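# Observations on the three-dimensional arrangement
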Amino acid sequence: MTGRLSEVDERIGSVRQLKAVITAMRGIAAARAQEAKAHLAGIRAYAETVGGAIGDALALMPDVDGHVSGDAAAGRRLVIALSSEQGFVGTFNERVLDAAAKHLKGTEAAELFLVGDRGLMAASERDLDVSWSAPMAAHVDETQGLANRLADAVLKRLSAGVTAVTVVHAVPADGGGAVALVDRSLVPLDFDRFPVRARGIPPLVTQDPQTLIAQLADEYLFAELSEAIMLSFAAENEARMRAMIAARHNVDERLDDLTGLYRRLRQDEITDEIIELASGAAAGADAR
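So, a few notes on the structure that sits alongside this text. (Residues numbered from 1 in each chain as written. Predicted model: local features only at pLDDT ≥ 70, side-chain atom pairs only at ≥ 80, totals over all residues. Heavy atoms only, no water.)

## Some details on the overall build of the protein chain
- Secondary structure summary: the protein chain contains 5 helices and 5 strands in total.
- Along the chain direction, N to C, the helices and strands of the protein chain fall in the order α-β-α-β-α-β-α-β-β-α.
- The C-alpha atoms of the protein chain give a radius of gyration of 30 Å, which is well past the 19 Å a tight globule of 288 residues would have.
- Expressed as a percentage of the 288 residues in the protein chain, the buried residues total 37%.
- Pairs at least 24 residues apart make up 80% of the contacts formed inside the protein chain by residues separated by at least 6 positions.
- Taking the average location of the 30 positive side-chain charges in the protein chain and that of its 42 negative ones, the two points are 4 Å from each other. (Helix = DSSP H or I, 4+ residues; strand = E, 2+ residues; numbered from the N terminus. Rg over C-alpha atoms; globule rule 2.2 N^0.38 Å. Buried < 20%, exposed > 50% of the residue type's maximum accessible area, 1.4 Å probe, protein only. Contact = heavy atoms within 4.5 Å. Lys, Arg positive; Asp, Glu negative; His and termini not counted. Charge placed at Lys NZ, Arg CZ, Asp CG, Glu CD.)

What follows is the structure, encoded as structure tokens:
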């Protein structure tokens, strides 16, 4: 009995240590998710500024009606999937890959860019052909470097004949629900989304409008990739936070069960000791 009681006591200690680790992981994930959300306003303001510059540049073009960058049907498709770098995120990566696969299905002239080592492992299990990959940012301050590398890789594909680019990623859910998935078309860029702002005094430019617009479009692509990465980073940490909440609940239940078992075993041990003492006292009285 004593040996089993000691074993249960050790298990209780181990579960309490696990609970402390889970609590710490939950706190870190929550802090990183909030930090990422705080950076979104700056990224969106940057994208809005670039978009405004595109509108100004379009006003310098002789014909801006229905202007779209490139012909999606004339070249190859590129699908960018943003997955998680670390585990404990539930079905996060599987859902991202499912959404990306829909864009790849039935399209021979398509390739997959994949961000996130956990997603890369899942893609390997599915025998998906990944033409370019990179680790997902582990901290907020790593997201801009990742966005630069990803944008450079995308621009190289565009110069090589890719005419359609779609990004698939998760976003934090409103109201604390499960993370949602979005897919956005980045290329071709529909310039109708940018209001043309003809000014009384046109801006002074040193390049022809078409070249200027092309460079601004590349900058806007970088802004959109930056936002997608930051949203995915926040969503990944929210998914991990919810996973840790569920794990904490299960650990609490396990700890309650072990504590109850320990008390029952201790009570049984005390009862056996009392019976043994009582039996010894009775035997001594009979001997006298």
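## What about the pattern of salt bridges?
- Per the stated rule, a full pass over the model turns up 12 salt bridges.
- Of the charged contacts, one joins E238 and K37 as a salt bridge, the two residues approaching to 2.4 Å between their closest N and O atoms. Note that E238 is positioned in helix α5 (residues 209-287) and K37 in helix α1 (residues 2-58), a separation of 201 residues in sequence.
- Using a relative accessible area of 6% as the deciding quantity, one classes E238 as buried.
- Measuring nitrogen to oxygen at the nearest pair gives 3.4 Å for the salt bridge that ties D252 to R248. In this pair, D252 and R248 both sit in helix α5, 4 residues apart, roughly one turn of the helix.
- Assessed through its relative accessible area of 25%, D252 is described here as partly exposed. (Salt bridge = Lys/Arg side-chain N within 4 Å of Asp/Glu carboxyl O.)

## Brief notes about empty space enclosed by the protein
- Within this structure, the stated rule accounts for 1 cavity of 30 Å³ or more.
- R32, E85, Q86, A137, A138, F233, E236, N237 and R240 together form the lining of the largest cavity.
- The element contributing the most residues to the lining of the largest cavity is α5, with 4 residues.
- Residue composition of the lining of the largest cavity, by class: 3 nonpolar, 2 polar and 4 charged. (1 Å grid on protein atoms, 1.4 Å probe; cavity = no way out; pocket = protein on both sides within 12 Å on 5 of 7 lines; lining within 4 Å. Points joined across faces, edges and corners; volume = space filled by probe spheres on them. Nonpolar A, V, L, I, M, F, W, Y, C, P; charged D, E, K, R; others polar.)

## Comments concerning the side chain of H169
- Mapped onto the fold, H169 is located in strand β4 (residues 162-171).
- Residues contacting H169, with those up to four places away along its chain left out, are L82, A180, L181, V182, R184, A228, L231 and S232.

## Digging into helix α4 (residues 143-159)
- Spanning 17 residues, α4 covers 24 Å between terminal C-alpha atoms, matching the ideal 24 Å at 1.5 Å per step.
- Looking only at α4, the buried set comprises T143, L146, A147, L150, A151, A153 and V154. Buried residues along α4 cover an arc of 165° about the axis, so they all sit on one side. Opposite its buried face, α4 presents the exposed residues K156 and S159, each directed more than 90 degrees away.
- One or two residues past the end of α4 sits G161, with phi positive at roughly 120°. (Expected span 1.5 Å × (residues − 1). Arc of directions from axis to C-beta.)

## Section: the sheet that holds strand β5 (residues 180-187)
- Spatial ordering of the open sheet is given by β3-β2-β1-β4-β5, a layout of 5 strands whose pairing is mixed. Every other strand in the sheet has two partners, leaving β3 (130-134) and β5 as the edge strands with one partner each. In this sheet, adjacent strand axes meet at a mean angle of 20° when their direction is disregarded.
- Along the sheet, α4 contacts β1 (76-82), β2 (110-115), β3, β4 and β5; its crossing angle with β2, the most-contacted strand, is approximately 170°. (Pairing = 2+ DSSP bridges. Axes fitted to C-alpha atoms, helices over the stretch in contact; angles between N-to-C directions.)

## Section: the layout of surface pockets
- Volume-wise, the second largest pocket comes out at about 160 Å³.
- In terms of lining, the second largest pocket is formed by G87, F88, V89, G90, N93, E94, R118, M121, A122 and E125.
- It is helix α3 (residues 117-125) that contributes the most residues to the lining of the second largest pocket, 4 residues altogether.
- For the lining of the second largest pocket, the class distribution of residues is 4 nonpolar, 3 polar and 3 charged.

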